[in-house]
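Examination of the molecular architecture
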Amino acid sequence: MTDMPAPAKSANARQSGSFEHLVYVLRANPVTLLAFGLFAFLIFCALFGPSVVPYDPLETNAAKALQPPSMEHWFGTDQIGRDVFSRVIVATRLDLSISVAAVALSFVVGSILGAIAGYWGGWLDIILNRFLDTIMAFPLFVLAMGIVAALGNTIENIIYATAIINMPFYARLVRAEVNIRRDAGFARAAKLSGNSDLRVLALHIFPNALPPMMVQVSLNLGWAILNAAGLSFIGLGVRPPTPEWGIMVAEGANFIVSGEWWLAVFPGLWLMIAVFTFNLLGDGLRDIVDPRKRT
Amino acid sequence: MLRTHPRLRAVLLRCAQAIPVVVGVVVISFVLTRALPGDPAVYFAGVMADEASIQETRVAMGLDKPLPQQFLIYVGELMRGDLGQSLTSGRAVATDLANRLPASLELTLTALLLACAIAIPLGVLAATRPGTWVDHLCRVIVTAGVSLPTFFTGIVLIYVFYYLLGIAPSPLGRLDFIYLEPEHVTGFYLIDAAIAGDWETWWGAAKQLILPAGTLALFTLAPVARMTRAAMLTALSSDFIRTARAAGLSRSRVLYGYAFRNALLPVVTTLGMVFSFALGANVLVEKVFAWPGIGSYAVEALVVSDYAAVQGFVLAMALLFVLLNLVIDLLYTAIDPRIGFDSK
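Everything numeric here is computed off the predicted structure, so don't read it as measured data.

Another aspect to go through is the overall build of chain A. Broken down by element type, chain A carries eleven helices and zero strands. Along the chain direction, N to C, the helices and strands of chain A fall in the order α-α-α-α-α-α-α-α-α-α-α. Taken along its principal axes, the extent of the C-alpha atoms in chain A is 75 × 50 × 35 Å. The burial tally for chain A puts 51% of its 295 residues in the buried class. Contacts spanning at least 24 positions in sequence make up 72% of the contacts within chain A whose residues lie at least 6 apart. As displayed, chain A has an accessible area near 13600 Å², and 67% of this comes from carbon and sulfur atoms.

As C-alpha cells, then:
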C-alpha cells in the first residue's frame, strides 16, 4: 500500500471507467456512503478505542454504581460502577477481531475446498457437496453451540465454530464460479501455454470469483458478529469481566426489569450498528459489483 | 402406480433424499460427542473418581472399543431413543427434551405465522407500489430486521411493554403462577386451553406468548418480506402477466390469481433458511424470556457442562430441521403444478 501513488497514476486511465462507475453508484445511493463512514468509525474504535476512552473499562467504583447516563458517564455506569461507554468502545476490538478472524478462516478454507471441487469435479465434488449439505442440515447457530460445547468453552473455539458454520456459503460460491469457468477459453489458453493446473486455477480462474466473494464477506461479517455475540450472550466463549457486547447485554438484562435500561441498551445498540454497517456495506458492494442483483 | 402418478414419485424421491442427510447429521453429532475436551471417561466418572473407577466408566460407556464399533453402539442407542442421562436433572435427555419441545414449537410456530402474516402482505404491497412509502418501509424493516440481535430486541420489548407501559406480564415462563396449567393434550398451551374451553387461561398464555413470539417474528420477518418483494417483482414483469393484462383480466385476478401464486414458490423455498435462523434465534429468545423450552434447557446444560444434554439438543434440533425442510419441499410439490412431470 505504501507505493500506491506511482502505479496508481499509470493505472488511472485504465481504471477511470470503473472509478466513475463507483462514484456514480455511490452518488445514486448515499446510504452506502453512510455505511462507509460508519465502517471507518468502527475501525477507528477497534484500533484506538482503548487509548481514547475516558475510563479504564475494568476499573470498579462502588460509590458510583448504577448511575443513569450523564455528562460524566455518557452511557451511565454498571452495577459495580464501571463506565459503560468505555466498555462499549473497548469491546469493539474484541468483537470485530472474533468475526474478522472467523470470516477470514472460512474464506480461506471455503475457497480452497470450493476451488478444488469446482475445478477437478468428480468424486471430490460429490463428497464436498454431501459434507456441505450435512453442515447446512443443522440450524447453524445450534451447530455452533454444539461445536463450542464439544471443543471447549474458549474464544478460539467461538472463532472456529463461527468459521465452520460460515464455510459452506464460501465453498458453494467459489465452486460455482470456478466450475463455470473451468473450460472457458482463457483458462484453456493458459493451460495450453504451459501453466500447471494449480497455477491456472489460482491465478487465472480464482480471481474471477473475488468480486462476489467480497460481497459475501461483507454480508457475512455482520452475521458473524451476531453469532459470536449470541454465543457469548448465552455464556460461551468470552468470560466476564472482559468487555464484549453480547456478554454486556446478558449482564444488563438482569437490570432491565428494574428499569436500569442503559446497561443492556447501549452495548446492544452498538452491536446493532456494527451489524447494520456490514449489511449496508454488503448491499452497497453488491450494487457496485452486480447491479442486476438489486432487490 | 409410480409411473402413472408422477407427483407421488416426486414425493417419494424427496423423502429418499432426506436419508443421506440424516446419516450425515448422526455422524457429525457422533463426532461432537467424542470430541469432548480431554478424556470423556474422566469427565463422566466425576470429580472424585480414581484410576479404577475411570477405567470402569470407560468400559461401561464403551470408550475402550474402537471408534467404528463405538459408532454402531451410538446408532443403536439412538434407535432406541436413548440420548444419555442428563447430569443436572438426573432424567434421560430424551424425556427432558420431549417434555420441553412443545413449549419451543409453540413459540417458534406462532412467531413464524406472525412473521408470514405481516411479511407477505408487506412484500406484495411493496412490489406493487415501488418507490412509495410502503416500499421504503419494507426496505427499512428488511435491513433493520436482519441487523437486530434477537436477544437485544427482546430486552427492549420487555423494557417498553413490561417496565414502562406495564401492559405485558413479567417475562418469566409460559404461564403466570395464578393460572393452572391446562390439561396436557398437545402440550401447546393455547390449543390445550382452547380444547378445555378455559378461555381465561388461554388469554393468560397468549399474553405470555406475545412478546417472545413478536421478538422472534421481527427477526424472521426480514428474509420473508425481502423474498416476497423480489419474487413478486419478477412475477409481475413476466410475459404471462402481460398477456393476462392484455386479455383484459381484472387487476385483482392478475395480481392474486397469477402473479401471487407464482411468487409464492420462491417464498416457500426460503422458508427453509428462515427455519434455520428461527431455530437458532429461538435459543436466545428463550433465554431472555425464561421460556421453558429446549433452547433454555440447552443453555442451562451448557453452563454446567452437561454434555449429554447439549449434544442431545443439537441432534434433536437438526432432526427437527431436516423434517421441516422435508415438509417445506413437499408443500412446494403440492403447490407447484409443474413439479412431477419433468423433475429429475
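On we go from here.
Moving on, we come to the overall build of chain B. Scanning chain B from terminus to terminus reveals 13 helices and zero strands. When the helices and strands of chain B are placed in sequence order, the string is α-α-α-α-α-α-α-α-α-α-α-α-α. Along the three orthogonal principal directions, the C-alpha set of chain B runs to about 85 × 60 × 40 Å. Taking all 344 residues of chain B together, 46% fall into the buried category. Considering only residue pairs separated by 6 or more positions, chain B has 72% of its internal contacts joining residues 24 or more positions apart. Summed over its atoms, the accessible surface of chain B is roughly 17200 Å², and 67% of this surface lies on carbon and sulfur atoms.

Ranked by size, the top nonpolar core spans 172 residues in total, and within it A:Met145, A:Phe233, A:Ile234 and B:Phe313 carry the most contacts. In terms of domain composition, this core takes at least three residues from each of domain 1 (20-79) and domain 2 (97-343) of chain B. Those residues within four positions of B:Phe313 in sequence are excluded, and the remaining contacts are A:Val142, A:Met145, B:Leu97, B:Val283, B:Ile294, B:Gly295 and B:Ala298.

Next up on the list: the interface of chain A and chain B. Taken together, the 46 residues of chain A in the interface contact 50 residues of chain B. For the pair chain A and chain B, the summed buried surface comes to about 3900 Å²; carbon and sulfur atoms form 80% of the total. Here chain A is connected to chain B by zero salt bridges. Along the contact surface separating chain A from chain B lie one residue pair in polar contact (both at pLDDT 80 or more). Contributions of two or more residues to the side of chain A that touches chain B are made by helix H4 (122-136), helix H5 (140-151), helix H9 (210-233), helix H10 (245-256) and helix H11 (262-289) of chain A. The element best represented in the side of chain A that touches chain B is H11(A), accounting for twelve residues. Looking at the side of chain A that touches chain B residue by residue, the classes come out as 33 nonpolar, ten polar and three charged.

Right, let's talk about the UniProt feature "domain: ABC transmembrane type-1" (unreviewed entry) in chain A for a bit. In the UniProt entry, the feature "domain: ABC transmembrane type-1" (unreviewed entry) is given for residues 92-282 of chain A. Split by type, residues 92-282 of chain A is 82% helix and 0% strand. Its first and last C-alpha atoms lie 20 Å apart.

Attention now goes to the domain arrangement of chain B. All names here are of chain B. Assigned domains within chain B: domain 1 (20-79) and domain 2 (97-343). Here the C-alpha centroids of domain 1 and domain 2 sit 36 Å apart. Regarding the contact of domain 1 and domain 2, the summed buried area is about 830 Å², with carbon and sulfur atoms giving 82% of it. When contributions to the side of domain 1 that touches domain 2 are tallied by element, the ones reaching two or more residues are helix H1 (6-34) and helix H4 (67-79). Residue composition of the side of domain 1 that touches domain 2, by class: ten nonpolar, two polar and no charged.

With that settled, consider the environment of A:Leu66. All names here are of chain A. Among the secondary structure elements, Leu-66 is positioned in the loop between helix H2 (30-52) and helix H3 (84-120). Here Leu-66 falls in the partly exposed class, since its relative accessible area comes to 26%. Sequence separation between Leu-66 and Ile-98 is 32 residues, and the spatial gap between their C-alpha atoms is 29 Å.

Moving on, we get to the pattern of salt bridges. Throughout the structure, instances matching the rule amount to eight salt bridges over all chains. When the shortest N-O distance is used, the salt bridge between A:Lys191 and A:Asp197 registers 3.7 Å. The salt bridge partner of B:Asp135 is B:Arg229, with a shortest N-O separation of 2.9 Å. Note that B:Asp135 is positioned in helix H6 (residues 133-147) and B:Arg229 in helix H9 (residues 199-236), a separation of 94 residues in sequence. The same class applies to B:Asp135 as to B:Arg229, namely buried. One continuous salt-bridge network, built from bridges that share partners, spans A:Arg130, A:Asp133 and A:Arg172.

Moving on: the UniProt feature "transmembrane region" (unreviewed entry) in chain B. Residues and elements named next belong to chain B. The positions UniProt marks with the feature "transmembrane region" (unreviewed entry) are residues 12-32, 107-128, 140-165, 209-228, 263-285 and 313-335. Helix makes up 88% of residues 140-165 and strand 0%, whereas the separation of the span's terminal C-alpha atoms amounts to 26 Å. Between the end C-alpha atoms of residues 313-335 there is a gap of 33 Å, over a span that is 100% helix and 0% strand.

Moving on to the UniProt feature "transmembrane region" (unreviewed entry) in chain A. Residue and element names in this part refer to chain A. Taken from the UniProt record, the annotation "transmembrane region" (unreviewed entry) applies to residues 31-49, 96-119, 131-152, 221-241 and 261-282. Between the end C-alpha atoms of residues 31-49 there is a gap of 25 Å, over a span that is 100% helix and 0% strand. Here residues 261-282 is 95% helix and 0% strand, with 31 Å between the C-alpha atoms at its ends.

Aromatic ring pairs: the centre-centre distance and the angle between the two ring planes describe each pair. Tallying each qualifying case throughout the model produces 15 aromatic pairs over all chains. Considering the side-chain rings of A:Phe233 and B:Phe151, the 4.4 Å spacing of their centres and the 20° angle between planes classify their relative orientation as stacked. Taken as a pair, A:Phe233 in helix H9 and B:Phe151 in helix H7 (residues 150-164) lie in two separate chains rather than in one. Residue classification places A:Phe233 among the buried residues on the basis of a relative accessible area of 3%. On the basis of relative accessible area, B:Phe151 is assigned to the buried category, the value being 1%. On the numbers, 5.9 Å between centres and 85° between planes, the contact of A:Trp261 with A:Trp262 is edge-to-face.

A separate point is the packing of H3(A) against H9(A). All names here are of chain A. Contact geometry of H3 with H9 gives a least axis separation of 9 Å together with a crossing angle of 135°. With respect to each other, H3 and H9 are oriented oblique. Here H3 and H9 pass one another in a crossing that is right-handed. Taken together, the residues of H9 that come into contact with H3 (itself represented by Leu-96, Ile-98, Ser-99, Val-100, Val-103, Phe-107 and Ser-111) are Leu-210, Met-213, Met-214, Val-217, Asn-220, Leu-221, Ala-224, Ile-225 and Ala-228. Split into classes, the residues belonging to the contact of H3 with H9 amount to 13 nonpolar, three polar and no charged.

Before going further, it helps to examine the confidence of the model for chain B. Residue and element names in this part refer to chain B. Mean pLDDT over chain B works out to 80, with 91% of the residues at or above the 70 mark. Confidence drops under a pLDDT of 50 for residues 340-344, and excluding neighbours within four residues, the segment shows six contacts in the predicted structure. Interface confidence for the predicted complex, given as ipTM, is 0.82, next to a pTM of 0.82.

Time to look at the side chain of B:Thr228. By the secondary structure assignment, B:Thr228 is in helix H9. Here B:Thr228 is in contact with B:Ala119, B:Ile120, B:Gly123, B:Val124 and B:Val267, once residues within four sequence places are set aside.

Reading guide: rules and limits
- Residues numbered from 1 in each chain as written.
- Chains lettered and ligands numbered in written order.
- Predicted model: local features only at pLDDT ≥ 70, side-chain atom pairs only at ≥ 80, totals over all residues.
- Heavy atoms only, no water.
- Helix = DSSP H or I, 4+ residues; strand = E, 2+ residues; numbered from the N terminus.
- Buried < 20%, exposed > 50% of the residue type's maximum accessible area, 1.4 Å probe, protein only.
- Contact = heavy atoms within 4.5 Å.
- Areas by Shrake-Rupley, 256 points an atom, 1.4 Å probe, with all protein chains shown as cover.
- Core = buried A, V, L, I, M, F, W, Y, C linked by side-chain atoms within 4.5 Å.
- Domains from an automatic or database assignment.
- Buried area = accessible area lost by both parts, 1.4 Å probe.
- Salt bridge = Lys/Arg side-chain N within 4 Å of Asp/Glu carboxyl O.
- Polar contact = N/O pair within 3.5 Å; in protein donor to acceptor, adjacent residues only side chain to side chain.
- Nonpolar A, V, L, I, M, F, W, Y, C, P; charged D, E, K, R; others polar.
- UniProt positions renumbered as here; feature names shortened; annotations may be inferred.
- Phe/Tyr/Trp six-rings, centres within 6.5 Å; stacked < 30°, edge-to-face > 60°.
- Axes fitted to C-alpha atoms, helices over the stretch in contact; angles between N-to-C directions.
- Parallel < 35°, antiparallel > 145°, perpendicular 65-115°, else oblique.
- Left-handed = near helix turned anticlockwise from the far one by under 90°.
- pLDDT = per-residue confidence, 0-100.

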